[in-house]
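Listed below, chain by chain, are the residues.
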Amino acid sequence: EIEPDNAELYLYLGRTYLAEDDYENAKAMTVEGLKLASDDDDLHFTMAMIHERMESFDEMVDELRIVIKLDPEHSEALNYLGYSFAEKGIRLEEALRLILPIYAAGGTAARTLSVREFDGAPGAARGRQGMSSKGCRVAFGPVLQRGVTG
C-alpha cells in the first residue's frame with residue numbers, strides 16, 4: 001500500500017526519476033517529500049543534485065548549504081559544494097575549507113579525490129570525473145600559497 005504521507009517514499013521516487021534523467025518528475029517528487037520533511041538532509045541533497053543536472057548552479061548551492069546546516073559533517077555535500085566552487089574557479093578559500101576537513105578525517109571524499117556524482121541510488125556514486133589532481137593544484141595553488149583563513 002502506498003503511503004502518501006511518507007517522505008521517504010518521495011525521496012526514493014525522486015532519486016529514481018533522477019537516475020532516469022527525468023528531472024521534472026524528480027523535482028516534483030522531491031518537493032512533495034520536502035513538504036512532509038523539510039529538515040531531511042537526504043531530500044535536500046537529492047534536490048541539490050536535481051538542480052545540478054538542470055544546470056541551476058545557484059539553486060544547487062542553496063540546497064547544499066541547507067544540507068550542511070542540517071548536518072555540518074555531511075561529507076558528500078561538503079565535497080560536492082567545495083569541488084563545484086573549484087571547478088568554476090570561484091570561492092576557492094571557501095572550497096578548501098569545505099573539502100580539507102574531509103581529507104583530514106579520511107572520509108569518503110579523501111578516498112575518491114576525483115570522483116563525485118550522485119547517481120540517484122541511496123549512498124552510491126557513479127563515475128563522472130571531477131577535478132583531476134592537476135586541476136586541483138591549478139585551482140587551489142594560489143590559495144594554498146596565501147594560506148586558508150577562517
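For the structure itself, consult the block above.
Everything in this summary refers to the structure shown in the same document.

Some details on the side chain of E94
Note on placement: E94 falls in helix α6 (residues 92–105). Side chain to side chain, E94 and R65 meet in a polar contact 2.7 Å long. When near neighbours in sequence (up to four residues on either side) are disregarded, E94 contacts R65 and F85.

As for the packing of aromatic side chains
In the structure shown here, the tally under the stated rule is two aromatic pairs. With a centroid separation of 6.4 Å and an interplanar angle of 90°, the aromatic rings of F45 and Y80 are classed as edge-to-face. Of this pair, F45 sits in helix α3 (residues 41–53) while Y80 sits in helix α5 (residues 75–88); the two residues are 35 residues apart in sequence, bridging distant segments of the chain. The ring centre of F57 lies 4.8 Å from the NZ or CZ of K88, which sits over that ring.

Side note on the packing of helix α1 (residues 7–19) against helix α2 (residues 23–36)
As a packed pair, α1 and α2 sit with axes 8 Å apart at the nearest point and diverge in direction by 165°. Put simply, α1 runs roughly antiparallel to α2. Pair α1 / α2 crosses with left-handed handedness. Taken together, the residues of α2 that come into contact with α1 (itself represented by A7, Y10, L13, G14, Y17 and L18) are Y23, N25, A26, M29, T30, E32, G33 and L36. Residue composition of the contact of α1 with α2, grouped by class: nine nonpolar, four polar and one charged.

So, how was this worked out
- Residues numbered from 1 in each chain as written.
- Predicted model: local features only at pLDDT ≥ 70, side-chain atom pairs only at ≥ 80, totals over all residues.
- Heavy atoms only, no water.
- Helix = DSSP H or I, 4+ residues; strand = E, 2+ residues; numbered from the N terminus.
- Polar contact = N/O pair within 3.5 Å; in protein donor to acceptor, adjacent residues only side chain to side chain.
- Contact = heavy atoms within 4.5 Å.
- Phe/Tyr/Trp six-rings, centres within 6.5 Å; stacked < 30°, edge-to-face > 60°.
- Lys NZ or Arg CZ within 6 Å of the ring centre and 35° of its normal.
- Axes fitted to C-alpha atoms, helices over the stretch in contact; angles between N-to-C directions.
- Parallel < 35°, antiparallel > 145°, perpendicular 65-115°, else oblique.
- Left-handed = near helix turned anticlockwise from the far one by under 90°.
- Nonpolar A, V, L, I, M, F, W, Y, C, P; charged D, E, K, R; others polar.

Keep in mind that these numbers describe shape and distance, not what the molecule does.
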